There are 4 protein chains.
Amino acid sequence: MPRITAQEVYALCDESLPWAGMMGFEIIDIGKGSCRVRMPQKAEFLRPGGTINGPALMSLADYGMYVAVLSRIGRVEMAVTTSLNCNFLRRPKPGAVIAHCRLIKLGRRLAYGEVSLYSEGDEDAGPVAHVTATYSIPPERGES
Amino acid sequence: MPRITAQEVYALCDESLPWAGMMGFEIIDIGKGSCRVRMPQKAEFLRPGGTINGPALMSLADYGMYVAVLSRIGRVEMAVTTSLNCNFLRRPKPGAVIAHCRLIKLGRRLAYGEVSLYSEGDEDAGPVAHVTATYSIPPERGES
Amino acid sequence: MPRITAQEVYALCDESLPWAGMMGFEIIDIGKGSCRVRMPQKAEFLRPGGTINGPALMSLADYGMYVAVLSRIGRVEMAVTTSLNCNFLRRPKPGAVIAHCRLIKLGRRLAYGEVSLYSEGDEDAGPVAHVTATYSIPPERGES
Amino acid sequence: MPRITAQEVYALCDESLPWAGMMGFEIIDIGKGSCRVRMPQKAEFLRPGGTINGPALMSLADYGMYVAVLSRIGRVEMAVTTSLNCNFLRRPKPGAVIAHCRLIKLGRRLAYGEVSLYSEGDEDAGPVAHVTATYSIPPERGES
């Protein structure tokens, strides 16, 4: 069982991560150490040619990793990203973006995972971006 | 001499990068293959404890790299980020963030550079984040 | 069907990648865009406490990515790594290391993939390191 | 004043990092939080066309970061790399490689720095590779 629900994440973000609301991020589902999140199309994310800008994709990946971490350690406001590495692989289509997030390691102090981002409805074309990220977590909440 | 001015970057972003305007990014100065850019404080970028969220910092770094690339190749809308790696080094203070951007290599097809981000007025404390990024550029505009 | 066999990789490395032989790298199996490779234990790779040093792990990952690329494009000496990002996740045990390699994207000019490295016989503990890497490939050999 | 000398690093590596000796790494100079290290030409590092293979470059960068960390915290065997990100920027010439290493942050638990690698005698052509890396250090030895 995940240790946090979508409703609890939304409530936490309302309080402490207004960015997530501004971006319109939605949670599709939460597993234990994994989740899928969604960014709806917004005009201000577009670049010339109709593609979605890179920072919006990285922002969605960062949010997804945060949700995946919370799915294992429960509600902890102070989990923070310590590094994020993004590779942009193909031009996203205009439209929503779906991120598949998965923890690879949850340690006592650090969590590490990966995120594959897809243009919604075009998943078969392969990911538009791939992200790895490291989170620092309060030591009493992690696992050894 | 840089091959683009701040006014030309602003005009280009008005047309094709509305994100930059929404974030309030400003250009402090442009060199040849370098620049300094600034992100003003905005409530929606804040995280618990008053710190600035990671995606806002990565977005500023990505913008600064774009400006640094344009400073060498001139106005080219289609330069796109192919990878971005960010390390978050210390908690930013509430307030504006300054990014010092520098190209390390400009090739025929790829540009690569680094960005050091500082809390404005607290530069002596060292960077709050350090970014390296790769840009893909139209081949006829790069250098061999 | 993979477009190269283990024997063909060994022959190619004998000619042009003496490093791989010096390290004792072995190929367990090759799929289409994937492979598993193995590094035997060697005294010179050890660090204090019996753990394996980071460069040896990165070297194995780089080799595995090369094999995974060749499995799709066939024998091409001039494929070269353009970036490699390694996260060390837990202390390897003394002994052999197994790398599971998988291409995420094969484009016309670039291949991108990931590698998970495990201590042989201790795979259930999770990966000791996770690598993402980008390869540049001769344009006529990639796929659009 | 650096907190370790070249002779002390060599002695430490003889005991606990045989890899460094096998690679023939040399220390050119050590500052406080910086150093320059050198890898001599070796036939087994070469790739087709006479270029130097990527793992050898990453290995030199990792060694240089280790020396830069020790220059601030003194002799500590247990400092270990937690992440390393390498971008290969141009084809190295056959011959020795010089790495310029610099700590960007030394915290209580993590050190972070960058390394620029050059073909010896061809520094004006720009770096052949650029590395950023994170080291985990025993908490009692770092700085807050």
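Since we're looking at a predicted model, the values are computed, not measured.

1. Regarding the relation of the copies chain C and chain D
No. 1: The transformation that overlays chain C on chain D combines an axial shift of 0.0 Å with a rotation of 180°, and the residual RMSD is 0.0 Å. Here the symmetry operator amounts to a two-fold rotation axis. Minimal C-alpha separation from the rotation axis in chain C is found for Asn85 of chain C, amounting to 2.1 Å.
No. 2: Both copies present the same face, since 100% of the interface residues in chain C are matched by interface residues at the equivalent positions in chain D.

2. Considering the side chain of Ser71 of chain A
No. 1: Looking at where Ser71 of chain A falls in the secondary structure, it is placed in helix 3 (residues 54–73).
No. 2: Of the residues examined, Ser71 of chain A reaches a relative accessible area of 0% and is grouped as buried.

3. Structural notes on the sheet that holds strand 3 (residues 80–88) of chain C
No. 1: The antiparallel open sheet is built from twelve strands, whose spatial order is 1(C)-2(C)-4(C)-5(C)-6(C)-3(C)-3(D)-6(D)-5(D)-4(D)-2(D)-1(D). Only two strands of the sheet have a single neighbouring strand rather than two, namely strand 1 (26–30) of chain C together with strand 1 (26–30) of chain D. Each neighbouring strand pair of the sheet contributes to a mean axis angle of 20°, computed without reference to strand direction.
No. 2: Bridge count for strand 4 (residues 97–106) of chain C against strand 5 (residues 110–119) of chain C is nine bridges, and the pairing is antiparallel. Directly across from Ala99 of chain C, in strand 5 of chain C, lies its bridge partner Leu117 of chain C.

4. Looking at the interface of chain C and chain D
No. 1: Taken together, the 32 residues of chain C in the interface contact 32 residues of chain D.
No. 2: Summing both partners gives a buried area of about 2,600 Å² for chain C against chain D, and 62% of it is carried by carbon and sulfur.
No. 3: Our count for the contact surface shared by chain C and chain D stands at four residue pairs in polar contact (both at pLDDT 80 or more).
No. 4: Of all elements in the fold, only helix 2 (18–23), helix 3 (54–73) and strand 3 of chain C reach the threshold of two or more residues within the side of chain C that touches chain D.
No. 5: For the side of chain C that touches chain D, the element with the highest residue contribution is strand 3 of chain C, accounting for nine residues.

5. Considerations on the pairing of strand 6 (residues 129–136) of chain B
All names here are of chain B.
No. 1: Here strand 6 lies mainly inside the structure; eight of its eight residues are buried.
No. 2: Burial of strand 6 is two-sided: the residues Ala129, Val131, Ala133 and Tyr135 facing one way and the residues His130, Thr132, Thr134 and Ser136 facing the other way are all buried.
No. 3: As judged from the eight bridges shared by strand 3 (residues 80–88) and strand 6, these two strands associate in the antiparallel manner. Each bridged residue has a counterpart across the sheet, and for Asn85 the counterpart in strand 6 is Thr132.
No. 4: As paired elements, strand 5 (residues 110–119) and strand 6 share eight bridges and run antiparallel to each other. Note that in strand 6 the partner of Leu117 across the bridge is Ala129.

6. Side note on helix 3 of chain C
Residues and elements named next belong to chain C.
No. 1: Between its first and last C-alpha atoms helix 3 spans 29 Å; for 20 residues at 1.5 Å apiece the expected length is 28 Å, and the two agree.
No. 2: Among the 20 residues in helix 3, 19 count as buried, and that is most of the element.
No. 3: Looking at where helix 3 begins, the residue whose side-chain oxygen comes 2.9 Å from the main-chain nitrogen of Ala56 is Asn53.

7. Focus on the pattern of salt bridges
No. 1: Tallying each qualifying case throughout the model produces 24 salt bridges over all chains.
No. 2: In this structure, Glu120 of chain B and Arg38 of chain B form a salt bridge, with 2.9 Å as the shortest nitrogen-oxygen distance. With Glu120 of chain B in the loop between strand 5 and strand 6 and Arg38 of chain B in strand 2 (residues 34–39), this residue pair connects regions lying 82 residues apart in the sequence.
No. 3: Glu120 of chain B gets classed as partly exposed once you look at its relative accessible area, which sits at 38%.
No. 4: Among the charged side chains, a network of salt bridges with common partners joins Glu26, Arg38 and Glu120 of chain A.

8. Observations regarding the packing of aromatic side chains
Residues and elements named next belong to chain B.
No. 1: Summed over the entire model, instances satisfying the criterion amount to ten aromatic pairs over all chains.
No. 2: Ring geometry for Tyr66 versus Tyr135: centroids 6.3 Å apart, planes at 25°, classification stacked. Separated by 69 residues along the polypeptide, Tyr66 in helix 3 (residues 54–73) and Tyr135 in strand 6 bring together distant segments of the chain. The pair Tyr66 / Tyr135 is uniform in exposure class, with both members buried.

9. Overview of the environment of Arg75 of chain C
Residue and element names in this part refer to chain C.
No. 1: Here Arg75 lies in the loop between helix 3 and strand 3.
No. 2: Looking at Arg75, the relative accessible area reads 41%, which means it is partly exposed.
No. 3: The spatial distance from the C-alpha of Arg75 to the C-alpha of Leu12 is 7.9 Å, given a sequence separation of 63 residues.
No. 4: A distance of 3.2 Å separates the side chain of Arg75 from the side chain of Glu15, its partner in a polar contact.

10. So, the state of the cysteines
No. 1: Taken as a whole, this structure holds zero disulfides over all chains when the rule is applied.
No. 2: Not part of a disulfide, Cys13 of chain A finds its nearest cysteine sulfur in Cys35 of chain A, a span of 11 Å.
No. 3: Take Cys101 of chain B: it sits in no disulfide, and the sulfur closest to it among the cysteines is that of Cys35 of chain B, at 3.8 Å.

11. Points about the packing of helix 3 of chain A against helix 3 of chain B
No. 1: Here helix 3 of chain A crosses helix 3 of chain B at 155°, and the two axes come no closer than 9 Å. On the basis of their axis angle, the class for helix 3 of chain A and helix 3 of chain B is roughly antiparallel. At the point where helix 3 of chain A passes helix 3 of chain B, the crossing takes the right-handed sense. Across the interface between the two elements, Pro55, Met58, Ser59 and Asp62 of chain A of helix 3 of chain A pack against Pro55, Met58, Ser59 and Asp62 of chain B of helix 3 of chain B.

12. A few points about the side chain of Asn87 of chain C
No. 1: Here Asn87 of chain C shows up in strand 3.
No. 2: Overall, Asn87 of chain C belongs to the buried group, its relative accessible area being 6%.
No. 3: In this structure the side chain of Asn87 of chain C is engaged in a polar contact, spanning 3.5 Å, whose partner is the side chain of Tyr112 of chain A.
No. 4: In contact with Asn87 of chain C, other than residues within four places in its own chain, are Tyr112, Thr132 and Thr134 of chain A, Val128, Ala129 and His130 of chain C together with Thr82 and Ser83 of chain D.

13. What about the sheet that holds strand 3 of chain B?
No. 1: Spatially, twelve strands are ordered 1(A)-2(A)-4(A)-5(A)-6(A)-3(A)-3(B)-6(B)-5(B)-4(B)-2(B)-1(B) in an open sheet, and the strand pairing comes out antiparallel. The two strands at the open ends of the sheet, each matched to only one other strand, are strand 1 (26–30) of chain A together with strand 1 (26–30) of chain B. Going from strand to strand, the sheet's axes swing by 20° on average, the running direction of each strand aside.

Procedures and definitions
- Residues numbered from 1 in each chain as written.
- Chains lettered and ligands numbered in written order.
- Predicted model: local features only at pLDDT ≥ 70, side-chain atom pairs only at ≥ 80, totals over all residues.
- Heavy atoms only, no water.
- Least-squares fit on C-alpha atoms with pLDDT ≥ 70 in both.
- Contact = heavy atoms within 4.5 Å.
- Helix = DSSP H or I, 4+ residues; strand = E, 2+ residues; numbered from the N terminus.
- Buried < 20%, exposed > 50% of the residue type's maximum accessible area, 1.4 Å probe, protein only.
- Pairing = 2+ DSSP bridges.
- Axes fitted to C-alpha atoms, helices over the stretch in contact; angles between N-to-C directions.
- Buried area = accessible area lost by both parts, 1.4 Å probe.
- Polar contact = N/O pair within 3.5 Å; in protein donor to acceptor, adjacent residues only side chain to side chain.
- Expected span 1.5 Å × (residues − 1).
- Salt bridge = Lys/Arg side-chain N within 4 Å of Asp/Glu carboxyl O.
- Phe/Tyr/Trp six-rings, centres within 6.5 Å; stacked < 30°, edge-to-face > 60°.
- Disulfide = S-S within 2.5 Å.
- Parallel < 35°, antiparallel > 145°, perpendicular 65-115°, else oblique.
- Left-handed = near helix turned anticlockwise from the far one by under 90°.

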